[in-house]
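# Fold and geometry: a report
Below are the chains, spelled out letter by letter.
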Amino acid sequence: MSKPAAMIDSFRHKGLRKQLVEIIRRKGITDPNVLNAIEKLPRHFFFDSSFLEYAYEDKPFPIGAGQTISQPYTVAFQSMLLDVSKGTRVLEIGTGSGYQASILALMGAKVFTIERHKILYTKTSQLLPALGYHSIKTFFGDGYKGLPAYAPFDRILITAAAPAIPEKLIEQLNPDGIMVIPLGPDDVQTMTVVVKNKDGSYQKSEHGAFRFVPMLKDKEK
Ligand code: SAH
C-alpha cells in the first residue's frame, strides 16, 4: 500500500506468527487448515505502519472508520466453524481490513465480501490484489441485502454483531449450507452456527460469547 516498509515479512514477523498460532492452538483451535493460514498470512500487512508492533497480539485493533480487525482467535474460531475446503463459495459480510477474507482464501475458499464503509472498501479492495489475492471479490454495499446476483453460497460469514438472522441471507445459502453469525445486542453476542435444511428451514447451535462491532443497515458514504 502507501507505506512499503510495512509490507516486509521478516523472520521476526514469522516468529511472532508462530507464537500467535501456539496461543490460538492452546485456546482450542485444532483445525490444521485454519492454523496453517494464520501462520502463513502476515497480519501486519493489514495494519497502518505505525501500529505494526500490535499485529501479533491476540487482540482486536482499530482499522479506521470506528471499526476493528477482529482478534486472531475470533478469526480462527469463525473460520473453523465455517468448515471450508477447496472451492467452497463463501460470502463474508464486513470486509473491514480484508484479513478474514484472506484467511479464507488461503484455506481454499472462493470469497465474496461486502463492506458498507466506503473508505474501508476502497482501501481493502486495493490492498487485496496488491497482496496477490486476486480471487477475492470485494463489494461496496449493505450486507443485509447479500449478493443475489452471485448466490447461492455454500457458506455465509457475518463478522459484525447481528440483532437477528437476516432472512435475505438465508435465502442466498445453498441447502446444507452453513452461516456463522454473532447474534445479539451491541454489548455481547452468541456465536451461532445456522445450518440450512433442504426444505429451506434451518437449525441453530450456539458456540459461546463474543464481542463485535454492530452490523448496521445501509451503506455509509
Ligand atoms: N472481517 C473484518 C472485521 C471487520 S469488523 C476483518 O477481517 O478485518 C466489521 C465490519 O463490518 C466493519 O468494517 C463494518 O463497517 C462492517 N459492516 C457492518 N455492518 C455491515 C453491513 N450491513 N454490510 C457490510 N458491512 C458491514
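All values reported here derive from a predicted model rather than from experimental measurement.

### So, the layout of surface pockets
Here the largest pocket is characterised by a volume of approximately 530 Å³. Lining the largest pocket are 36 residues, with T68, G94, T159, A160 and V213 positioned closest to its centre. The set of elements that each furnish at least two residues to the lining of the largest pocket consists of β2 (67–69), α3 (72–82), β3 (89–93), α4 (99–106) and β4 (110–115). Grouping the amino acids of the lining of the largest pocket by side-chain chemistry returns 15 nonpolar, 16 polar and five charged. Of the volumes computed, that of the second largest pocket is approximately 180 Å³. In this structure, the second largest pocket is lined by 16 residues; those nearest its centre are F46, F47, D48, I63 and K123. If you list the elements that add at least two residues to the lining of the second largest pocket, you get β1 (61–64) and α5 (118–130). Its residues assigned to classes, the lining of the second largest pocket shows 10 nonpolar, four polar and two charged.

### A look at the site of the ligand
The environment of the ligand is formed by 28 residues, the closest being G94, S97, E115, G143 and L216. Within the side chain of S97, one N or O atom sits 2.6 Å away from an oxygen atom of the ligand. At a separation of 2.6 Å, an oxygen atom of the ligand approaches a polar side-chain atom of E115. Here the ligand loses 99% of its free accessible area of 580 Å² to cover by the protein chains. For the ligand, the cavity whose grid points lie within 2 Å of the majority of its atoms is the largest pocket. Sorting the residues of the shell around the ligand by element identifies β2, β3, α4 and β4 as the ones contributing at least two each.

### Considering the sheet that holds strand β6 (residues 153–158)
A sheet is described by the order of its strands in space; here seven strands give the open sequence β5-β4-β3-β6-β7-β8-β9, paired in mixed fashion. Looking at strand neighbours, the two that pair on one side only are β5 (137–140) and β9 (202–210), the edges of this open sheet. Across the sheet, the mean angle separating the axes of adjacent strands is 15° when strand polarity is ignored. Examined bridge by bridge, β3 and β4 share five bridges and lie parallel to one another. Looking at β4, one finds that V90 is bridged to V111. Together, β3, β6, β7 (173–183), β8 (189–196) and β9 form the strand contacts of α3, whose direction differs from that of β7 by roughly 155°. Set on the sheet, α4 makes contact with β3, β4 and β6; between it and β4 the angle comes to about 170°.

Calculation criteria
- For every chain, the first residue of its written sequence is number 1, and the numbers climb from 1 along that sequence.
- pLDDT decides what is reported in this predicted model: residues at 70 or higher carry local features, side-chain atom pairs at 80 or more are listed and counted, and totals for whole chains, interfaces and linings draw on all residues regardless.
- Just so you know, side-chain values use all the structure's heavy atoms and leave hydrogens and water out.
- Both site types are read off a 1 Å grid over the protein atoms alone. A 1.4 Å probe that fits but cannot get out defines a cavity, while an open set with protein on both sides within 12 Å along at least five of seven lines defines a pocket; lining residues have an atom within 4 Å of a point.
- Grid points are joined across faces, edges and corners, and a volume is the space filled by probe spheres set on the points.
- Numbering of helices and strands runs from the N terminus, with a helix taken as a DSSP run of H or I at least four residues long and a strand as a DSSP run of E at least two residues long.
- Each residue receives one of three labels: charged for Asp, Glu, Lys and Arg, nonpolar for Ala, Val, Leu, Ile, Met, Phe, Trp, Tyr, Cys and Pro, and polar for the others, Gly being one of them.
- Here a residue is near a molecule or strand as soon as one of its heavy atoms is found within 4 Å of it.
- Within 3.5 Å is the distance limit for a polar contact, defined as a pair of N or O atoms, with the added protein rule that one can donate a hydrogen and the other accept it, and that residues adjacent in sequence qualify only through two side-chain atoms.
- Exposure was quantified through the Shrake-Rupley algorithm and a 1.4 Å probe, taking into account, for residues, occlusion by the shown protein chains and nothing else.
- Think of it this way: a molecule belongs to a cavity or pocket when more than half its atoms come within 2 Å of the grid points there.
- Only when DSSP finds a minimum of two bridges between them are two strands counted as paired.
- All axes here are fitted lines through C-alpha atoms, helices being fitted over the stretch that makes contact, and every angle between N-to-C directions spans 0 to 180 degrees.
- Two residues form a contact once any of their heavy atoms are found within 4.5 Å.

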